[in-house]
Amino acid sequence: MTPEKLYETLKKLQEPKGYLFNKNRTMVMELMEGLLENKDRYGYMACPCRLASGSQQDDRDIICPCVYREEDVREFGSCYCGLYVSREWNEDKIPHECVPERRPLEKITF
Amino acid sequence: MANVYLYALSTCVHCRNTRQFLDEKNIEYDYVYVDKLSGQEREKAIEEVRKYNPKLSFPTIVIDGDKTIVGLKQDEILEACGK
């Protein structure tokens with residue numbers, strides 16, 4: 001699957017649920033590449049900005065869209081890796097901050 | 001000149017932007033893509049990151065072996081590098 005195809009597939013799925021992609025198209029396509037690379041090497045689309053353990057079971061909370069997206073988009077207007085954002089974030093009505101890692105330490109296994 | 005070391009992931013856009021920022025500001029640095037490592041090398045790198053950044057998140061930037069900055073925080077990086 002190409003990054004563009006993944007983008008189209010996800011767009012159809014996510015936008016009706018109110019999740020928008022980052023307006024920075026270059027960044028979004030790089031994240032699509034990251035997701036596809038993780039799919040190739042681990043067998044699942046681990047978040048491109050988190051170190052995957054290689055165990056799908058252990059990493060189920062960070063398989064994109066991660067379980068932390070909801071809270072991060074609500075609090076910061078953006079998910080951790082910056083793929084999904086709020087309308088306000090995309091319209092620059094809120095600051096673009098670094099989203100801190102919300103994942104609890106006990107979930108991180110290597 | 002500050003000694004800058006960057007722990008990063010090859011698939012992470014923030015890590016890529018951090019490298020670009022350091023290059024643009026002519027800040028010399030070494031880096032490792034922890035996700036590209038395996039075995040002992042990977043375990044050692046993970047322990048190092050854990051020492052500097054218990055959250056084990058990326059990018060983790062270590063300056064002169066003691067100051068740690070997590071994420072592309074441009075002002076903090078410039079100040080820590082004396083720029």
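What you are looking at is a predicted structure, and each value in this text was computed from that prediction instead of being measured. (Residues numbered from 1 in each chain as written. Chains lettered and ligands numbered in written order. Predicted model: local features only at pLDDT ≥ 70, side-chain atom pairs only at ≥ 80, totals over all residues. Heavy atoms only, no water.)

A. Structural view of helix 2 (residues 39-52) of chain B. Residues and elements named next belong to chain B. The end-to-end C-alpha separation of helix 2 is 21 Å, in line with the 20 Å expected for 14 residues at 1.5 Å each. Of all the positions in helix 2, only Arg42, Ala45, Ile46 and Val49 are classed as buried. The buried residues of helix 2 occupy an angular sector of 100° when projected down its axis, which confines them to one face. Facing away from the buried side of helix 2 by over 90 degrees, the exposed positions are Gln40, Glu43, Lys44 and Lys51. Looking at the buried residues of helix 2, the elements they touch are strand 1 (4-8) and strand 3 (60-63). (Helix = DSSP H or I, 4+ residues; strand = E, 2+ residues; numbered from the N terminus. Expected span 1.5 Å × (residues − 1). Buried < 20%, exposed > 50% of the residue type's maximum accessible area, 1.4 Å probe, protein only. Arc of directions from axis to C-beta. Contact = heavy atoms within 4.5 Å.)

B. Spotlight on the sheet that holds strand 1 of chain B. Residues and elements named next belong to chain B. Read from one edge to the other, the open sheet built from four strands follows the order 2-1-3-4, with strand pairing classed as mixed. The sheet is open, and its two edges are formed by strand 2 (30-33) and strand 4 (67-70), each paired on a single side. Neighbour-to-neighbour, the strand axes of the sheet open up by a mean angle of 15°, direction not taken into account. Bridge count for strand 1 against strand 2 is four bridges, and the pairing is parallel. Among the inter-strand pairings, Ala8 is bridged to a residue of strand 2, identified as Tyr33. Contacting strand 1, strand 2 and strand 3, helix 1 (residues 13-24) crosses the sheet at an angle of about 160° to strand 1. Against the sheet, helix 2 touches strand 1, strand 3 and strand 4, its axis set at about 110° to strand 1. (Pairing = 2+ DSSP bridges. Axes fitted to C-alpha atoms, helices over the stretch in contact; angles between N-to-C directions.)

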